[in-house]
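Take a look at the letters that make up each chain.
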Amino acid sequence: MRGAVLYAPGDVRFEERAEPAVEKPTDAVIRTLATCVCGSDLWDYRGINPVEQPTPFGHEYVGVVEEIGADVKTLEPGQFVVGSFFASDNTCANCRNGYQTNCLHREFVGAGGCQAERIRIPLADGTLVATPTQPADEHIPSLLACSDVMGTGWYAAVAAEVRRGDTVAVVGDGAVGLCAVIAAKELGAERIIAMSRHESRQKLAREFGATDIVAERGEDGVARIKEMTGGIGADRVLECVGNEQSMQQALNSTRPGGNVGFVGVPHGVALDGEQLFYSHVGVRGGPAPVREYLPDLIDMVLSGRINPGKVFDLELPLSEVAEGYKAMDERRAIKTLLRP
């Protein structure tokens, strides 16, 4: 079996790897039909997160079940499935409360490297969701988006408590930020302000439901949001980047009594308790409990209600995974889809 391995910053190779197998009775092995490069993968690719040894990579996937363990009850070989980047039993107290990424038995599916021809999925019954039938090829990109970026964008909106009639600002124009625009629209936001400097991403944001575009960043971006909202700020702000500037921009763009939903993996972010105390801004975030939203998101994709697969503006064979990383690193692509 072949798959992607990250050796060092900027050094992704497509090479032979060990065949995955059922190791526990709750496992499944799936044949990958599509996978992709995530913006969060770039933290490692750029050397911001240390890479200490050759590491199988990738955590987004859709595929067909090939083998199941003896204790797997809800899946059968041959089914098309979508799964979360964290495996969960979907039965523990945290799962029942809707936070499967904090499952008491969670495992990071990406530890096995999902940019590969086959992958092992732990806790398969609680992690994978099967589609009713084999989906049409046109739906596969959007179903793949649901395995992370659409679910993460949805969680940003849920965490910020987006409500009908709200004014929502989205900080970040990557795949997650663009999917957060979809989520804000679906949850009833009346005004959606996408913060973006890139024409192609601005166009897609408007297609997804953005009503306004703000190109300014940092303090200038905050000032523009305040100007657009009568000096008060947005009701909800969705932070989809993960650095200090983006978090401060989100916090300072939110009105008193409003909320920030933050889903960008934090790097160098430090929150000032006194600032939070006097701002009256609520903050909630973390790794998105994608499994909680998968059934509804899959239904919305298959019914044609949403089409988050449009965030994939580059499609390559899995064997060209290194070019997929490079294109995203150089901002020549929003998100790269890879087909084995």
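Residues numbered from 1 in each chain as written. Predicted model: local features only at pLDDT ≥ 70, side-chain atom pairs only at ≥ 80, totals over all residues. Heavy atoms only, no water.

S.K.: Just checking my understanding: could you explain the sheet that holds strand β13 (residues 212-214) for this structure?
M.R.: Two orientations exist for strands paired in a sheet by backbone hydrogen bonds: parallel and antiparallel. Across the sheet, which stays open at both edges, the 6 strands sit in the order β13-β12-β11-β14-β15-β16 with parallel pairing between neighbours. The sheet is open, and its two borders are formed by β13 and β16 (282-285), each paired with just one other strand. Each adjacent strand pair in this sheet contributes to an overall mean axis angle of 20°, direction not counted. The pairing of strand β11 (residues 167-171) with strand β14 (residues 234-239) spans 4 bridges and is classified as parallel. Within the sheet, the bridge partner assigned to V168 lies in β14 and is R236. Its contacts with the sheet put helix α9 (residues 244-253) on β11, β12 (191-195), β14, β15 (254-262) and β16, and the angle it makes with β15 is roughly 145°. (Pairing = 2+ DSSP bridges. Helix = DSSP H or I, 4+ residues; strand = E, 2+ residues; numbered from the N terminus. Axes fitted to C-alpha atoms, helices over the stretch in contact; angles between N-to-C directions. Contact = heavy atoms within 4.5 Å.)

S.K.: Just checking my understanding: could you explain the packing of helix α5 (residues 149-159) against helix α11 (residues 290-302) for this structure?
M.R.: Two measures define how a pair of helices packs: the angle their axes make with one another and the distance between the axes. It is the contact of α5 with α11, at a shortest axis distance of 10 Å, that shows an interaxial angle of 110°. On the basis of the axis angle, α5 is roughly perpendicular to α11. Residues M150, G151, T152, W154, Y155 and V158 of α5 form the contact with α11, whose participating residues are V290, Y293, L297 and M300. Partitioning the contact of α5 with α11 into residue classes produces 8 nonpolar, 2 polar and no charged. (Parallel < 35°, antiparallel > 145°, perpendicular 65-115°, else oblique. Nonpolar A, V, L, I, M, F, W, Y, C, P; charged D, E, K, R; others polar.)

S.K.: Is there a simple way to think about the nonpolar core in this case?
M.R.: The tendency in soluble globular proteins is for nonpolar side chains to be buried side by side. In this structure, V62, M150, V170, L238, L297 and V311 are the most contacted members of the largest nonpolar core, which totals 59 residues. The element that contributes the greatest number of residues to this core is helix α6 (residues 175-186), accounting for 9 residues. Setting aside chain neighbours within four positions, we find L297 in contact with C146, M150, G151, W154 and I306. Ranked by size, the runner-up nonpolar core spans 17 residues in total, among them L75, V81, A124 and L128. (Core = buried A, V, L, I, M, F, W, Y, C linked by side-chain atoms within 4.5 Å. Buried < 20%, exposed > 50% of the residue type's maximum accessible area, 1.4 Å probe, protein only.)

S.K.: Looking at this structure, how should I read the packing of α5 against α6?
M.R.: Look at α5 against α6: their axes get within 7 Å of each other, and the N-to-C directions meet at 55°. As judged from the angle between their axes, α5 and α6 are oblique. Handedness of the crossing formed by α5 with α6: right-handed. Contacts between α5 and α6 involve V149, M150, T152, G153, W154 and A157 from the first element and A175, V176, C179, A180, I182, A183, A184 and E186 from the second. (Left-handed = near helix turned anticlockwise from the far one by under 90°.)

S.K.: Looking at this model, I keep getting lost on the sheet that holds strand β2 (residues 11-16). Mind explaining?
M.R.: Strand order in the open sheet formed by 3 strands is β2-β1-β4, and the pairing between neighbours is antiparallel. For this open sheet the edge positions go to β2 and β4 (55-56), each flanked by a neighbour on one side alone. With 6 bridges joining them, strand β1 (residues 2-8) and β2 adopt antiparallel strand pairing. Bridge pairing in β2 places A8 opposite D11.

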